[in-house]
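Examining the three-dimensional arrangement
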Amino acid sequence: MKVKVAINGYGTIGKRVADAVSLQDDMEVVGVTKTKPDFEARMGAEKYGLYAAIPDRVKAFEDAGIEVKGTIEDLLEKADIVVDCSPGKVGAENKPLYEKAGVKAIFQGGEKAHVAEVSFSSLANYDDAVGKSFVRVVSCNTTGLARVLSILRDMYELRKVRATMIRRVVDPKEDKKGLVNGIMPDPVKLPSHHAEDVKTVLPDVNIVTTAFKVPTTLMHLHSIAVEIDGNVSVDDVISRFDEEPRIMLFSKEEGFTSTAKIIEFAREYRLRYDLFENAVWRESINFHDGELYITQAIHQEAIVVPENIDAIRAMFELADKQESMKKTNRTLGIA
Ligand SMILES: NC(=O)C1=CN([C@@H]2O[C@H](COP(=O)(O)OP(=O)(O)OC[C@H]3O[C@@H](n4cnc5c(N)ncnc54)[C@H](O)[C@@H]3O)[C@@H](O)[C@H]2O)C=CC1
Ligand SMILES: O=C(OP(=O)(O)O)[C@H](O)COP(=O)(O)O
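Fair warning: this is a prediction, and the values are worked out from it, not measured in the lab. (Residues numbered from 1 in each chain as written. Chains lettered and ligands numbered in written order. Predicted model: local features only at pLDDT ≥ 70, side-chain atom pairs only at ≥ 80, totals over all residues.)

**Observations concerning the packing of helix 1 (residues 12–22) against helix 11 (residues 305–315)**
Note the cut-off: Angles here are taken between N-to-C directions and fall from 0 to 180 degrees, while the axes themselves are lines fitted to C-alpha atoms, restricted in helices to the stretch in contact. A run of H or I in DSSP counts as a helix once it spans at least four residues, and a run of E counts as a strand once it spans at least two, with each numbered from the N terminus. Convention used here: angles under 35 degrees read as roughly parallel, angles over 145 as roughly antiparallel, angles from 65 to 115 as roughly perpendicular, and any remaining angle as oblique. Crossing handedness is read from the near helix: turned anticlockwise from the far helix by less than a right angle, it gives a left-handed crossing, and turned clockwise, a right-handed one. This entry defines residue contacts through backbone-placed C-beta atoms, with two residues in contact when those atoms are within 7 Å. Residue polarity is assigned by list, with Asp, Glu, Lys and Arg as charged and Ala, Val, Leu, Ile, Met, Phe, Trp, Tyr, Cys and Pro as nonpolar; anything else, Gly included, falls into the polar class.
Interhelical geometry of helix 1 versus helix 11 gives an angle of 55° and a closest axis separation of 9 Å. Our classification of the angle between helix 1 and helix 11 gives oblique. At the point where helix 1 passes helix 11, the crossing takes the right-handed sense. On helix 11, the residues touching R16, V17, A20 and V21 of helix 1 are V305, N308 and I309. Each residue belonging to the contact of helix 1 with helix 11 can be placed in one class, and the counts come to 5 nonpolar, 1 polar and 1 charged.

Put into structure tokens, the structure is as follows:
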């Protein structure tokens, strides 16, 4: 029996999670929702079957000639789990609907941690989500940090982590908001929320983060410094990153001089140029005066997709961490 998955909010994350679910043999998409009868709604209706996220909007879809199969309540009746991909903070408002329907739910990183029983990142804390009903997959920047720190935590005693995030201002589809010319401290009052978020999945890591928005839509960039006791072998770190499918190493020598070049590579590599992996610059990994330095880029639209699939498997106890990650990697082409 396949786990029946509903996607509430067929936007940037929702459409990618729906496609990833449909590639698995142990789960299936039973429908997706939209609030407005736009082109994404039409595509969702054709691909997966569309339901109105807001019940009194059914007529608006019908008037636009988009087939709508019912409301979110109808969809939840068919589902074992809902992946809430609505805009930040809206997931918490949707939660009572899920509780009433008696379905499990996954929330995204735009929600506060307390919306769920546990926050989740596959490498950091897969086992914490096993059998749970409400799980939050942490945000894109947090997922990027949690992956590298999980690997380093298994190798060394981490004393202190300091990370600066240069954040893409909006996703490529946005035309109503953005930053045309400037660099925006976000937040102005430091530190940023990402460190507290990392601690929801890696509670023992001493970390402080800062963040700034810049006028690009391509990727986020992280400059990470990790204070480590004792000797660190840069070669060991590189080979461990090389072994981990969710990390991809890029080299300046090969022409990867910026996020623009990484995206140019990804355009050839995957549908929607989705880079599910952390893009770590090989040459950036170096150890100096007790600190390990790493620079990485994160494709914000894609990175949390494999984690959503693993979270479903953990919540239904379909597989252990290794088995789930392996299966997710294989089906999404994460080599
Ligand atoms: N875009 C990104 O870079 C990332 C976003 N996230 C998180 O994922 C979540 C979704 O973000 P995006 O996909 O970027 O947003 P989005 O704006 O692209 O998509 C949100 C979708 O939710 C729908 N929606 C609006 N109100 C709704 C409601 N009341 N109930 C159900 N659906 C509703 C909208 O029609 C839209 O299709 C947020 O929590 C965000 O913080 C996490 C990682 C990366
Ligand atoms: O999860 C994300 O960022 P975050 O890790 O900085 O919270 C996504 O890039 C969403 O960011 P946005 O809130 O600027 O759209």
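And the narrative resumes.
**A short note on the site of ligand 1**
This is how the line gets drawn: We count a residue as near a molecule or strand when its backbone-placed C-beta atom lies within 6 Å of that partner.
In the vicinity of ligand 1 there are 27 residues, among which G9, G11, Q108, G110 and Q300 approach most closely. For the shell around ligand 1, the secondary-structure elements that each account for two or more residues are helix 1, strand 2 (27–34) and helix 5 (90–101). At 3 residues, helix 1 tops the list of elements feeding residues into the shell around ligand 1.

**Concerning the domain arrangement of the protein**
What counts, and what does not: Each domain's extent is set by a domain assignment, obtained either automatically or from a database.
Assigned domains within the protein: domain 1 (3–138 + 305–332) and domain 2 (140–298). Put simply, the middle of domain 1 and the middle of domain 2, counted by C-alpha atoms, are 26 Å apart. In this assembly, 16 residues from domain 1 lie in contact with 17 residues from domain 2. If you list the elements that add at least two residues to the side of domain 1 that touches domain 2, you get helix 1, strand 6 (118–120), helix 6 (122–125), helix 11 and helix 12 (321–332). Residues belonging to the side of domain 1 that touches domain 2 are distributed by class as follows: 8 nonpolar, 6 polar and 2 charged.

**Here's the deal with the sheet that holds strand 4 (residues 81–84)**
Selection rule: Pairs of strands are assigned from DSSP output, requiring at least two bridges between the strands.
Pairing is parallel in the open sheet, where 7 strands are placed in the order 3-2-1-4-5-7-6. Only two strands of the sheet have a single neighbouring strand rather than two, namely strand 3 (50–52) and strand 6. Strand-to-strand twist across the sheet, computed as the mean angle between neighbouring axes with direction ignored, equals 30°. Pairing analysis gives 3 bridges linking strand 4 to strand 5 (residues 104–107), with the strands arranged parallel. If you follow V82 over to strand 5, its bridge partner there is A105.

**Observations concerning the UniProt feature "domain: Glyceraldehyde 3-phosphate dehydrogenase NAD(P) binding" (unreviewed entry) in the protein**
The criterion, for reference: UniProt positions are given in the numbering used here, feature names are shortened, and annotations may be inferred rather than shown by experiment.
Residues annotated in UniProt with the feature "domain: Glyceraldehyde 3-phosphate dehydrogenase NAD(P) binding" (unreviewed entry) correspond here to residues 3–140. For residues 3–140, helix accounts for 37% and strand for 23%, while the C-alpha atoms at its two ends are 25 Å apart.

**Overview of the UniProt feature "active site" (unreviewed entry) in the protein**
Per the UniProt entry, the sites bearing "active site" (unreviewed entry) are C140 in this numbering. Checked against the element boundaries, C140 lands in helix 7 (residues 140–155). In contact with C140, not counting residues within four places along its chain, are G109, H220, I298, Q300, I303 and V304.

**What about the nonpolar core?**
A general feature of soluble globular proteins is that nonpolar side chains tend to end up buried together. Note the cut-off: Defined on buried residues, the nonpolar core groups Ala, Val, Leu, Ile, Met, Phe, Trp, Tyr and Cys residues joined through C-beta atoms within 7 Å. Any residue whose C-beta has 12 or fewer other C-beta atoms within 10 Å is treated as exposed, any with 20 or more as buried, and any in between as partly exposed, C-beta atoms being built from the backbone.
Core analysis: the largest hydrophobic core is formed by 98 residues, its most contacted members being V5, I7 and I81. When residues in this core are grouped by element, the largest group, 7 residues, is from helix 7. The two domains that each donate at least three residues to this core are domain 1 (3–138 + 305–332) and domain 2 (140–298). Beyond its immediate sequence surroundings of up to four residues, I81 is in contact with V3, V5, V103, K104, A105, I106, I312 and M315.

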